[in-house]
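# Fold and geometry: a report
Below are the chains, spelled out letter by letter.
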Amino acid sequence: FLKLTTVFLTNPCKAIPLDFVFVIDSSRSIRSNDYEKVKTFIINLLQFLDIGHDATRVGLLQYGSVVQPEFSLNTYGSRAEVEQAVKNMEHLATGTMTGLAIQYTMETAFTEDHGARPLNMHIPRIAMIVTDGRPQDTVKEVAAEARKAGIQIFAIGVGRVDMKILKTIGSEPHSEHVHLVANFSQIESLISVFQSKLCEDTCAEVDHGCEHICANLPDGHECRCRPGYELTVDGKTCNKCHDGVMDLVFVIDGSKSLGPANFELVKQFVNSIVDSLDISRTGTHVGLIQYSTKVRTEFTLGQYVTGDSIKQAVGRMQYMGRGSRTGSALRHMFESSFSSREGGRPNPQQVTIVFTDGRSQDDVSEWASKAKSSGITIYALGIGKAIEQELREIASEPNEMYLYYAESFEKMGEITQKLKSRMCKGERRHLGEVKSLLQCMHVNTFFAKCQFIVWLSTAKI
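Residues numbered from 1 in each chain as written. Predicted model: local features only at pLDDT ≥ 70, side-chain atom pairs only at ≥ 80, totals over all residues. Heavy atoms only, no water.

The name given to the protein chain in an unreviewed UniProt entry is Matrilin 2, with Oryzias sinensis as the source organism. The UniProt entry for the protein chain carries the following comment under Subcellular location (unreviewed entry): "Secreted". (UniProt positions renumbered as here; feature names shortened; annotations may be inferred.)

Given below as structure tokens:
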């Protein structure tokens with residue numbers, strides 16, 4: 001908490017004036033210590049808002065079986081007053097009438113009588129809803145009505161919240177307005193996300209020398225590159241990736257051990273990789289299968305030809321949440337995913353990224369070996385309780401180039417960056433030599449052995 005507060009006080013952003021209402025779930029399912037974490041989250045979020053009657057106005061209501069307004073948009077004129085009011089909040093510990101709370105927000109909290117400024121002033125109206133459970137009333141119609149009335153809704157779910165319900169509540173695009181975290185300890189990880197969304201664009205104020213894209217961060221900025229390019233060591237300029245043209249298939253673990261919140265992080269990971277690729281009709285194509293007890297093709301290589309359409313399809317994926325049969329997924333990938341009927345092409349390099357967070361319930365070695373022997377390059381990404389031996393059996397050789405592991409989902413960003421950098425450097429030379437060897441083995445076994453020795457001595461690995 002102290003570290004976060006220090007960052008915001010020493011690196012405040014220039015905040016946009018808002019009418020901002022917190023809508024806080026105060027149901028009995030939330031434990032008292034978790035309720036305190038929600039209050040800390042709100043206080044931390046306030047640190048970079050310029051609160052005042054002529055700046056950002058803040059209101060807050062909590063709800064259980066009934067709606068309890070804590071303070072209105074025109075109640076307090078300083079951050080200190082709002083913080084103290086948040087600290088004084090008491091847990092209701094009753095039901096979960098989320099629809100009723102949204103209705104109150106729309107019909108009362110954002111009225112001029114309660115401090116909302118007139119619509120013709122064009123002050124953004126923001127509602128941030130935090131919930132940990134399933135509503136006991138309907139939310140779809142009233143949330144749609146609130147959004148239509150000009151209220152921008154951020155929906156934050158904690159724990160076992162149904163992602164479908166959160167998307168019913170939150171504004172579009174859902175990737176920016178709907179967030180799910182595994183527990184209340186992780187809710188603070190959203191602070192930096194909301195800071196970048198609610199603050200003015202510091203990149204627009206200062207020329208940081210970024211060749212392609214300047215992105216705001218909580219403590220400054222970073223330069224990023226357009227799809228198909230890699231950021232150079234100077235941190236500003238971009239080089240075109242040498243990934244050539246790929247047929248890339250993601251094989252994504254959707255087993256129950258992930259949980260819905262971490263599954264959303266995996267979807268973000270996929271989209272991050274997609275952003276780094278040059279996707280087009282004649283360029284790289286992407287397909288994706290999700291596996292649990294069964295294997296499901298989410299979309300094929302031939303289905304989408306733009307990065308945006310792929311990311312939208314990833315966003316629509318529904319979490320399977322059952323067992324973990326990685327071997328079956330590898331078999332499906334090998335036998336079907338690169339086939340012509342699913343959009344596979346004869347010439348591009350074939351690449352698979354396998355993501356898993358635990359032990360497979362079936363054997364992975366047979367189908368991984370067959371896939372690699374056919375010329376498919378496999379990257380194996382493991383998180384948490386993933387088994388090292390299984391990852392080694394899945395990944396292409398050498399493992400140092402194709403095996404990535406992180407202890408937790410919080411550290412997944414590190415391996416994402418390493419993988420993006422590795423893929424950007426390209427595989428064409430390596431794959432071409434492997435395929436030549438495979439073809440040679442059918443012609444002359446002795447010559448293949450000699451060729452293999454020469455290749456090992458010259459390959460840059």
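### Re the packing of aromatic side chains
Where two aromatic rings form a pair, the distance of their centres and the angle of their planes describe that pair. Using the criterion set out here, one finds 10 aromatic pairs in the structure. Arranged with centres 6.0 Å apart and planes meeting at 35°, the rings of Phe-269 and Phe-355 form a pair that is tilted. Of this pair, Phe-269 sits in helix H10 (residues 260–275) while Phe-355 sits in strand E14 (residues 349–356); the two residues are 86 residues apart in sequence, bridging distant segments of the chain. Accessibility classification places Phe-269 together with Phe-355 in one group, the buried group. Look at Phe-355 and Phe-409: their rings are 6.2 Å apart centre to centre, the planes differ by 50°, and that puts the pair in the tilted class. With Phe-355 in strand E14 and Phe-409 in the loop between strand E16 (403–406) and helix H16 (412–425), this residue pair connects regions lying 54 residues apart in the sequence. An identical accessibility class is assigned to Phe-355 and Phe-409; each is buried. Among the aromatic side chains, those forming a connected cluster through ring pairs are Phe-250, Phe-269, Phe-355 and Phe-409. The side chain of Lys-370 reaches across the aromatic face of Trp-367, ending 4.1 Å from its centre. (Phe/Tyr/Trp six-rings, centres within 6.5 Å; stacked < 30°, edge-to-face > 60°. Helix = DSSP H or I, 4+ residues; strand = E, 2+ residues; numbered from the N terminus. Buried < 20%, exposed > 50% of the residue type's maximum accessible area, 1.4 Å probe, protein only. Lys NZ or Arg CZ within 6 Å of the ring centre and 35° of its normal.)

### Some thoughts on the sheet that holds strand E5 (residues 151–158)
With mixed pairing, 6 strands are arranged side by side in an open sheet as E3-E2-E1-E4-E5-E6. A strand with exactly one partner marks an edge of an open sheet, and here the two such strands are strand E3 (67–71) and strand E6 (178–181). With direction set aside, neighbouring strand axes in the sheet form an average angle of 20°. The pairing of strand E1 (residues 19–25) with strand E2 (residues 57–63) spans 7 bridges and is parallel. What sits directly across from Val-21, in E2, is Gly-59. In the packing of helix H4 (residues 98–109) onto the sheet, contacts are made with E1, E2, E3, strand E4 (125–131) and E5, and the angle to E2 comes to roughly 150°. (Pairing = 2+ DSSP bridges. Axes fitted to C-alpha atoms, helices over the stretch in contact; angles between N-to-C directions. Contact = heavy atoms within 4.5 Å.)

### Regarding the pattern of salt bridges
By the definition in use, this model includes 14 salt bridges. Two residues, Asp-362 and Arg-325, come together in a salt bridge whose shortest N-O distance is 3.8 Å. Here Asp-362, found in the loop between E14 and helix H13 (365–373), pairs with Arg-325, found in the loop between helix H11 (307–316) and helix H12 (326–337); they are 37 residues apart in sequence, far enough to count as distant. Residue class for Arg-325 comes out partly exposed when judged on its relative accessible area of 30%. (Salt bridge = Lys/Arg side-chain N within 4 Å of Asp/Glu carboxyl O.)

### Some thoughts on the sheet that holds strand E12 (residues 285–291)
Spatial ordering of the open sheet is given by E13-E12-E11-E14-E15-E16, a layout of 6 strands whose pairing is mixed. Each end of this open sheet is capped by a strand with a single partner; those strands are strand E13 (295–299) and E16. In this sheet, adjacent strand axes meet at a mean angle of 20° when their direction is disregarded. The sheet contact formed by strand E11 (residues 246–253) and E12 spans 7 bridges and is parallel. By the bridge assignment for E12, Val-251 is matched with Ile-289. Contacting E11, E12, E14 and strand E15 (377–383), H10 crosses the sheet at an angle of about 170° to E11. Against the sheet, H12 makes contact with E11, E12, E13, E14 and E15, and its axis sits at roughly 150° relative to E12, the strand it touches most.

### Quick notes on H11
Ser-309, Ile-310, Ala-313 and Val-314 are the residues of H11 that are buried. All buried residues of H11 fall inside an arc of 145° around its axis, so they share one side. For H11, the exposed residues set more than 90 degrees away from the buried face come down to Asp-308 and Gln-312. The inward-facing, buried residues of H11 contact H10, E12 and E13. (Arc of directions from axis to C-beta.)

### Quick notes on the packing of H10 against H11
Viewed as axis vectors pointing N to C, H10 and H11 meet at an angle of 175°, and their least axial separation amounts to 10 Å. Compared by their axis directions, H10 and H11 come out roughly antiparallel. Here Lys-267, Val-270, Asn-271, Val-274 and Asp-275 of H10 lie close against H11, whose contacting residues are Gly-307, Ile-310, Lys-311, Val-314 and Gly-315. Split by residue class, the contact of H10 with H11 holds 4 nonpolar, 3 polar and 3 charged. (Parallel < 35°, antiparallel > 145°, perpendicular 65-115°, else oblique. Nonpolar A, V, L, I, M, F, W, Y, C, P; charged D, E, K, R; others polar.)

### Focus: unusual backbone geometry
The omega torsion across Glu-172 and Pro-173 is -10°, close enough to zero to call that bond cis. Following the sequence through the fold, Pro-173 ends up in the loop between helix H6 (163–169) and helix H7 (174–177). Geometrically, the link from Glu-397 to Pro-398 is a cis peptide bond, its omega value of -5° lying close to zero. By the secondary structure assignment, Pro-398 is in the loop between helix H14 (388–394) and helix H15 (399–402). Positive phi, normally seen in glycine, also occurs at His-122, with a value near 60°. With respect to the helices and strands, His-122 occurs in the loop between H4 and E4.

### A word on the environment of Val-274
Within the element layout of this structure, Val-274 appears in helix H10. Taking the relative accessible area as the measure of exposure, Val-274 reaches 2% and is therefore buried. A C-alpha to C-alpha distance of 9.8 Å links Val-274 and His-285, two positions 11 residues apart in sequence. What Val-274 contacts, discounting residues up to four positions off in sequence, is Phe-250, Ile-279, Gly-307, Ile-310 and Lys-311.

### Quick look at the packing of helix H2 (residues 32–46) against helix H3 (residues 79–87)
Viewed as axis vectors pointing N to C, H2 and H3 meet at an angle of 175°, and their least axial separation amounts to 10 Å. Taken together, the axis directions place H2 and H3 in an arrangement best described as roughly antiparallel. Contact with H2, carried on its side by Lys-39, Ile-42, Ile-43 and Leu-46, involves Arg-79, Val-82, Glu-83, Val-86 and Lys-87 of H3 and no other residues of that element. Its residues assigned to classes, the contact of H2 with H3 shows 5 nonpolar, no polar and 4 charged.

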